[in-house]
Amino acid sequence: MRSEENRRMVERLEKQGIIKTEAVKKAMLSVPRELFVWEGYEKLAYEDQPLPLGDTGQTISAPHMVAIMLEELNVGEGQIVLEVGAGSGYNAACLAHLVGKSGRVISVEVNGELVQFARRNINKLLLNNVEIIHGDGSLGYPPRLEQEIYDRIVVTAAAQSIPRFLISQLKRKGVMLIPVGDMQMQVLMKVSKEADGSLKTRNICDVVFVPLVGA
Ligand code: SAH
């Protein structure tokens, strides 16, 4: 029973204090994670752990990690969100619920096989405010454009430093989440662009993500 197990997972995350808002709770209730795991992993879909995406070497993030990022991003209806690293498309689908019909989610994925996988998964939920783009998201989207486009940016792969085009493409009063560090361990950084264009950063928690490749 897909919806029942999903509800239990969401309620566990709420009891643990990881899910804090109705908006994030509703979004995660609307996205059955088993539709986003690799074939053969359906039974583990509601365990709080990352799972491998075939033999791509990539993973779908653990539900608590997705919940932490969604809460910290504080996404509003109608916003335009950039995700770097679509992977399974699960986080993008949750973001799509948070921005609603008047918003838009652009998720860039560098691995061609995962682009197809994420698109297939997103289509199962008939979400038409999400676009999965094949490319190097470390350059932003459109690549290298120096224009403030996005209300929110979330990078779901570990960077050695914050890519400059992502900073350029973040709107004033916008928020970016990005894991920064080496291969073994990173800190999830929250970067806020102030009204005057200056940046404020805060460390949220230690995390482990697969590395961001590309420029
Ligand atoms: N958010 C995903 C999990 C992401 S795993 C989910 O909900 O399932 C990290 C993903 O980042 C991997 O799929 C990897 O291929 C991708 N990635 C790594 N470097 C990238 C880059 N420069 N541009 C776009 N995607 C990248």
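Reading the values: rules and limits
Residues numbered from 1 in each chain as written. Predicted model: local features only at pLDDT ≥ 70, side-chain atom pairs only at ≥ 80, totals over all residues. Heavy atoms only, no water. 1 Å grid on protein atoms, 1.4 Å probe; cavity = no way out; pocket = protein on both sides within 12 Å on 5 of 7 lines; lining within 4 Å. Points joined across faces, edges and corners; volume = space filled by probe spheres on them. Helix = DSSP H or I, 4+ residues; strand = E, 2+ residues; numbered from the N terminus. Nonpolar A, V, L, I, M, F, W, Y, C, P; charged D, E, K, R; others polar. Pairing = 2+ DSSP bridges. Axes fitted to C-alpha atoms, helices over the stretch in contact; angles between N-to-C directions. Contact = heavy atoms within 4.5 Å.

(A) Layout of the layout of surface pockets. Of the pockets and cavities examined, the largest pocket occupies roughly 570 Å³. Breaking the lining of the largest pocket down by element, the ones donating at least two residues are strand E2 (59–60), helix H3 (63–73), strand E3 (80–84), helix H4 (90–99) and strand E4 (104–109). It is H3 that provides the largest number of residues to the lining of the largest pocket, a total of 4 residues. Of the voids in this model, the second largest pocket is the one considered here, and its volume is about 270 Å³. Surrounding the second largest pocket, 20 residues form its lining, Ala159, Gln160, Ser161, Leu212 and Ala215 being those nearest its centre. Considered class by class, the residues forming the lining of the second largest pocket number 12 nonpolar, 6 polar and 2 charged.

(B) Here's a closer look at the sheet that holds strand E8 (residues 186–193). Within the open sheet, the 7 strands sit side by side as E5-E4-E3-E6-E7-E8-E9. Their pairing is mixed. The sheet terminates laterally at strand E5 (130–134) and strand E9 (199–207), the two strands that pair on one side only. Sheet twist, expressed as the average angle between the axes of neighbouring strands with direction ignored, equals 15 degrees. The pairing of E8 with E9 spans 8 bridges and is antiparallel. Bridging from a neighbouring strand, Lys190 pairs with Arg202 of E9. Sheet strands in contact with H4 are E3, E4, E5 and strand E6 (150–155), and its direction is about 165 degrees off that of E4. Against the sheet, helix H5 (residues 112–124) engages E4 and E5, with an angle of about 170 degrees to E5.

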